[in-house]
Every structure is written in C-alpha cells, then in structure tokens.
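The primary structure of each chain is shown beneath.
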Amino acid sequence: MKAIEIIRYNLINGTEIEKVNNLVKSMESNGWTGMPILVNEETEELVTGSHRLAALKIIYDKYNAGEYDDDAAIEELLNDVDVAEDVSEIIDAYAERMMEEVGYFDGIEYDNLRQVFSGTWVEQYAAEMVEW
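Residues numbered from 1 in each chain as written. Predicted model: local features only at pLDDT ≥ 70, side-chain atom pairs only at ≥ 80, totals over all residues. Heavy atoms only, no water.

### Observations concerning the confidence of the model for the chain
Averaged over every residue, the pLDDT of the chain is 91; the share at 70 or more is 95%. Within the chain, the lowest mean pLDDT, 89, falls on helix α6 (residues 114-117), and the highest, 97, falls on strand β3 (residues 84-86). (pLDDT = per-residue confidence, 0-100. Helix = DSSP H or I, 4+ residues; strand = E, 2+ residues; numbered from the N terminus.)

And the structure:
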C-alpha cells in the first residue's frame, strides 16, 4: 500500500518527537527503507509503525504546504512506493483461531504481536519490529 492510502489512519500509540523528526530527515534524504508498516485495511487501523506513519504525515503536510517545490522523490515516496502491507487476512485468521480455542476474541494485543503473526510471512521481520 502507498503512503497516500494510509495517511488518514490513526497512530496506535504515542510517539517520541525526536525519533519522528529523525525519520522525517531520513525519508527526505533516502526515501523509504526498512520493513513495511502493517495495517488492517478492513478496519483502517494501524498495527505497527506509529513513528513511521507520524513521519509520513509530517512529510505529507509539508508537501501540501509547498515546502518541497516539485520534489519528485517526495512525490514518489507519498504516491508510488509501497510503505505498508495489509495484514487483515492474518488478523482474521488469528481471530478465528482464538474463537475456536478459547471461545472469544477481544482484539489483538499490540504489545505482543508474536502470537498474531507466528508462522506467517511477517515473522521474518520479527527482529526489526519493536512491537514484536
């Protein structure tokens, strides 16, 4: 998914402004690097990546305010680069497992995503995910 598709999503936790500002500088200089932000497109919710999305929101606002003067790299970052992956199917499958195993599903625990993503393609990124 592109930044422009998730820019309206709410952050799932607080952010440290210094970390966000460092990410803004990095993205302005180097574009998108690292693993994708994980989102639940069905509910339009962020699963991981509050700092990275906060940085993208700042860049988006600066772009709309005309601060980048036709910067093709920034336009590409916002409109063309895949920065997020929809994991709604994985979350749905996890919810079904929980219903079968314990009889209820109260939602995912964002501070313990290992149980949600265990055995999925997301697991390969575990070392990079603070939330994991």
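### Overview of the packing of helix α3 (residues 50-64) against helix α4 (residues 72-79)
As a packed pair, α3 and α4 sit with axes 11 Å apart at the nearest point and diverge in direction by 130 degrees. As far as their axial angle goes, α4 and α3 are oblique. With respect to the hand of their crossing, α3 and α4 are arranged in left-handed fashion. Contacts between α3 and α4 involve Leu-56, Ile-59, Tyr-60 and Tyr-63 from the first element and Ile-74, Glu-75, Leu-77 and Leu-78 from the second. The residue inventory of the contact of α3 with α4, partitioned by class, reads 7 nonpolar, no polar and 1 charged. (Axes fitted to C-alpha atoms, helices over the stretch in contact; angles between N-to-C directions. Parallel < 35°, antiparallel > 145°, perpendicular 65-115°, else oblique. Left-handed = near helix turned anticlockwise from the far one by under 90°. Contact = heavy atoms within 4.5 Å. Nonpolar A, V, L, I, M, F, W, Y, C, P; charged D, E, K, R; others polar.)

### Digging into the pattern of salt bridges
One pass over the structure, following the stated rule, counts 3 salt bridges. The salt bridge partner of Asp-82 is Lys-2, with a shortest N-O separation of 2.6 Å. Separated by 80 residues along the polypeptide, Asp-82 in the loop between α4 and β3 and Lys-2 in the segment before α1 (3-6) bring together distant segments of the chain. In this structure, Glu-28 and Lys-62 form a salt bridge, with 2.7 Å as the shortest nitrogen-oxygen distance. With Glu-28 in helix α2 (residues 17-30) and Lys-62 in helix α3, this residue pair connects regions lying 34 residues apart in the sequence. (Salt bridge = Lys/Arg side-chain N within 4 Å of Asp/Glu carboxyl O.)

### Re the nonpolar core
Ile-6, Ile-37, Val-39, Leu-56, Ile-59 and Val-83 are the most contacted members of the largest nonpolar core, which has 23 residues in total. Looking at this core, the elements that each hand over two or more residues are α1, α2, β1 (37-40), α3 and α4. It is α3 that provides the largest number of residues to this core, a total of 5 residues. If near-sequence neighbours (up to four positions away) are discounted, Val-83 is found in contact with Met-1, Lys-2, Ala-3, Ile-6, Trp-32, Pro-36, Ile-37, Leu-56 and Leu-77. One finds Ile-90, Tyr-94, Ile-108 and Val-116 within the second-largest nonpolar core, a separate group that totals 12 residues. (Core = buried A, V, L, I, M, F, W, Y, C linked by side-chain atoms within 4.5 Å. Buried < 20%, exposed > 50% of the residue type's maximum accessible area, 1.4 Å probe, protein only.)

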